[in-house]
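Coordinate analysis (summary)
Each chain, letter by letter, is given below.
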Amino acid sequence: MLRDKFKNYVRDKLKKYVKDYFKVHQDVKLIAVGGSVGKTTTKMAIGTVLSADKRIRLEENNHNTDFSAPLAILGVKYPENVNSVMAWLRVFKACKKRIKNPSDIDVIIQELGTDHPGEMEYFASFLKPDYGVLTGISPEHMEFFGSLDNVAKEEMTILNMSKMGLINQDDVDARYANLLTNKNVKGYGMLSGVQYQLKIDSFDIQKGYSASVIGPDGVNIAMDVNVFGRHSLKALAAAITIAKEMNVPTEHIIQGVSRMHPVPGRMQPLRGYNDSILIDDTYNASPVSIREALRFLYEEINSPQKIVILGDMNEMGIESKKLHEDVGELMDGNHIDWLVTVGELTRKYTAPIAKERGVNVMSFESALSAGAFAKSKIEKGAVVLVKGSQNKIYTEEALKLMLHDIKDSQKLVRQSESWLEKKAEFFKTQSL
């Protein structure tokens, strides 16, 4: 009981500090990013583009919970020992100092995460973002949300709580428009008719995309950017949309776009064994992100061999069986030479359907075994897409076995000392 009381006390204090900060620093703009997928990529894209014109603050890691998000907004380090009263007292002191000191930034970019109904409403109780970005609506944390309609109710809150909302109309079903109460909302994406439309001219595996964003009042931002996947480009479209709405000069937007690079664990290309290209999309996995990654592999990659390593999708609740079967339906023997699965769910539900669709399949409990097998099958010039959820899957460890240079393992997700210790214990258990 005391622990719960202390937790509520800390949460209330952080909420107050954030409110006080924006009362004192009224010129600082807040951009909030929400959605089922792509939050961190979109946040980083916005930060990269705006950094050519604005002083920004963002946390590169996904500190987006009710405790970590307020500290990320304030630029105060999250305590290592969350159960220490003294640690939190030091945090409170740092928060007060941040409020009191003159501001050294123009814009804060913060992602807001949710895994239970009502968490976005909590953020809305003390945040009024100048811009709220909704990246998409798809199944997430279904053991708590239960239905996609409940996910939509939760995620649409970020638009309604903001002064201006920006919505990825490609990845938010139009039927959820009835949940929108904010009249000041603009769309971006590849669909015709959106206010800021992304158009792709070409793609080269070495150079990336040539594309443009067409907006109102003659806006036409042409760009060459070395990222993989249309969903990565959509994150950049969101960044350009915000930059134009903030009246950032076009030359500064183009300069910011030129700095864009893949985020670790999110469609990041790496050099692999036997002159292969590894596409590191291991940060997490959901039906939408898997579909988009496969679309990129099928439609935009020309390679003598294509291998997919796919781990289970966690937190899908009662929908898990169906959603893993749906992913199996996305597998195509005309495009994939091997599907290598990691985990029980993909083995039971995805693998059999993939086999029926003409794909060679091998299933493993461990990402380490999956990586070793995939390496044994890699032909010269192959492309290997690696994807999976984080907890108890860790497909980034499969990538390590296929890298051309082991030093590139530092570019992967979850490589801190604490994560490596956690994974070592997990894989030790698997081998028993």
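Located above this text is the structure these notes cover.
Definitions and limits used
Residues numbered from 1 in each chain as written. Predicted model: local features only at pLDDT ≥ 70, side-chain atom pairs only at ≥ 80, totals over all residues. Heavy atoms only, no water. Helix = DSSP H or I, 4+ residues; strand = E, 2+ residues; numbered from the N terminus. Rg over C-alpha atoms; globule rule 2.2 N^0.38 Å. Buried < 20%, exposed > 50% of the residue type's maximum accessible area, 1.4 Å probe, protein only. Contact = heavy atoms within 4.5 Å. Areas by Shrake-Rupley, 256 points an atom, 1.4 Å probe, with all protein chains shown as cover. Pairing = 2+ DSSP bridges. Axes fitted to C-alpha atoms, helices over the stretch in contact; angles between N-to-C directions. Expected span 1.5 Å × (residues − 1). Bend = angle between axes of the 7 residues up to and from the residue. Arc of directions from axis to C-beta. Polar contact = N/O pair within 3.5 Å; in protein donor to acceptor, adjacent residues only side chain to side chain. Core = buried A, V, L, I, M, F, W, Y, C linked by side-chain atoms within 4.5 Å. Phe/Tyr/Trp six-rings, centres within 6.5 Å; stacked < 30°, edge-to-face > 60°. Lys NZ or Arg CZ within 6 Å of the ring centre and 35° of its normal. Salt bridge = Lys/Arg side-chain N within 4 Å of Asp/Glu carboxyl O.

Observations regarding the overall build of the protein chain
Assigned secondary structure in the protein chain consists of 16 helices and 15 strands. For 432 residues, the compact-globule formula gives about 22 Å, and the C-alpha radius of gyration of the protein chain, at 22 Å, lands near that figure. A burial count over the protein chain gives 55% of its 432 residues as buried. Considering only contacts in the protein chain between residues 6 or more positions apart, those separated by 24 or more positions represent 67%. Here the protein chain has roughly 19,300 Å² of accessible surface; of this, 49% comes from carbon and sulfur atoms.

Considering the sheet that holds strand E10 (residues 268–272)
Spatially, the 6 strands line up as an open sheet ordered E10-E11-E15-E12-E13-E14, and their pairing is mixed. A single partner strand is all that each edge strand has here, and the edge strands are E10 and strand E14 (360–364). Each strand of the sheet is rotated relative to its neighbour by a mean of 20°, with strand direction disregarded. Examined bridge by bridge, strand E11 (residues 276–281) and strand E15 (residues 383–387) share 5 bridges and lie parallel to one another. Of the residues in E15, the one forming a bridge with Asp 280 is Val 386.

Regarding the sheet that holds strand E4 (residues 131–134)
The strands making up a sheet associate through hydrogen bonds between their backbones, and the pairing can be parallel or antiparallel. Pairing is mixed in the open sheet, where 9 strands are placed in the order E2-E3-E1-E4-E5-E6-E7-E8-E9. Each edge of the sheet is formed by a strand with only one pairing partner; in this case those strands are strand E2 (56–57) and strand E9 (220–225). Pairing of strand E8 (residues 208–214) with E9 involves 6 bridges; the strand directions are antiparallel. Within the sheet, the bridge partner assigned to Tyr 209 lies in E9 and is Val 225.

Quick word on helix H13 (residues 344–356)
Helix length check: H13 (13 residues) gives 18 Å between terminal C-alpha atoms against 18 Å at 1.5 Å per residue, within 8%. Where H13 bends most, at Thr 350, the angle is about 40°, and the proline Pro 352 comes one to four residues later. Buried residues along H13 sit against strand E12 (306–311), helix H12 (320–330), strand E13 (338–342) and E14. Just past H13, the residue Gly 358 takes up positive phi, approximately 85°.

Remarks on unusual backbone geometry
Across the chain, the bulk of peptide bonds are trans and the bulk of non-glycine residues have phi less than zero. Phi at Asn 247 takes a positive value of approximately 65°, unusual for a residue other than glycine. Structurally, Asn 247 is set in the loop between helix H9 (230–245) and helix H10 (250–258). Relative accessible area serves as the criterion here: at 68%, Asn 247 is assigned to the exposed category. Even without being a glycine, Tyr 394 presents a positive backbone phi close to 55°. Take Tyr 394: it is sitting in the loop between E15 and helix H15 (396–400).

Digging into H12
Residues of H12 that are buried: Ser 320, Leu 323, His 324, Val 327 and Gly 328. Along the long axis of H12, the arc covered by the buried residues comes to 155°, so they all point the same way. Residues of H12 that are buried sit in contact with helix H11 (287–300), E12 and H13.

Some words on the side chain of Ser 389
Mapping Ser 389 onto the fold places it in the loop between E15 and H15. Within the structure, the side chain of Ser 389 is placed 3.2 Å from the side chain of Asn 284, a separation counted as a polar contact. Here Ser 389 is in contact with Asn 284, Ala 285, Asp 312, Met 313, Asn 314 and Tyr 394, once residues within four sequence places are set aside.

Digging into the nonpolar core
Ranked by size, the top nonpolar core spans 64 residues in total, and within it Ile 31 and Met 331 carry the most contacts. In terms of residue count, the dominant contributor to this core is H9 (9 residues). The contacts of Met 331, once residues within four sequence positions are left out, are Leu 294, Tyr 298, Leu 310, Ile 336, Leu 339, Ala 354, Arg 357 and Val 359. Of all hydrophobic cores here, the second largest spans 42 residues; its members include Leu 14, Val 91, Leu 127 and Val 185.

A closer look at the pairing of E4
Along E4, one buried face is formed by Tyr 131 and Val 133 and the opposite face, lined by Gly 132 and Leu 134, is buried too. Pairing geometry for strand E1 (residues 29–34) and E4, over 4 bridges, is parallel. Bridge pairing in E4 places Val 33 opposite Val 133. Bridging between E4 and strand E5 (residues 164–168) involves 4 bridges; their strand directions are parallel. The partner of Val 133 across the bridge, within E5, is Leu 166.

Here's the deal with the side chain of Asp 171
With respect to the secondary-structure elements, Asp 171 resides in the loop between E5 and strand E6 (185–189). With a relative accessible area of 16%, Asp 171 lands in the buried category. Among the polar contacts listed, one links the side chain of Asp 171 to the side chain of Lys 234, at a separation of 3.4 Å. With near-sequence residues (within four places) excluded, Asp 171 lies in contact with Thr 135, Gly 136, Ile 137, Lys 234 and Arg 291.

Some words on the packing of aromatic side chains
Using the criterion set out here, one finds 19 aromatic pairs in the structure. With a centroid separation of 6.1 Å and 90° between ring planes, the pair formed by Tyr 78 and Trp 88 is classed as edge-to-face. Here the residue Tyr 78 occupies a position in the loop between helix H3 (68–74) and helix H4 (85–100), and Trp 88 occupies one in helix H4, the gap between them amounting to 10 residues. The buried category is assigned to Trp 88, whose relative accessible area is 2%. Here the basic side chain of Lys 13 rests over the ring of Phe 92, its NZ or CZ set 5.6 Å away from the ring centre. Across from the ring centre of Tyr 283, 3.8 Å away, lies the NZ or CZ of Arg 266, which sits over that ring.

Some points on the pattern of salt bridges
One pass over the structure, following the stated rule, counts 30 salt bridges. Between Asp 130 and Lys 163 there is a salt bridge; the shortest N-O distance is 3.2 Å. With Asp 130 in the loop between helix H5 (119–124) and E4 and Lys 163 in the loop between helix H8 (157–160) and E5, this residue pair connects regions lying 33 residues apart in the sequence. Judged by relative accessible area, which is 12%, Asp 130 ranks as buried. Lys 400 is the partner of Glu 397 in a salt bridge, and the nearest nitrogen-oxygen pair spans 3.1 Å. Separated by 3 residues within a single helix, Glu 397 and Lys 400 lie in helix H15, roughly one turn from each other. Residue classification places Glu 397 among the buried positions, given a relative accessible area of 9%. The exposure class assigned to Lys 400 is buried, which follows from its relative accessible area of 19%. What emerges from the salt-bridge pattern is a single network uniting Asp 170, Asp 171, Lys 234, Arg 291, Glu 292 and Arg 295.

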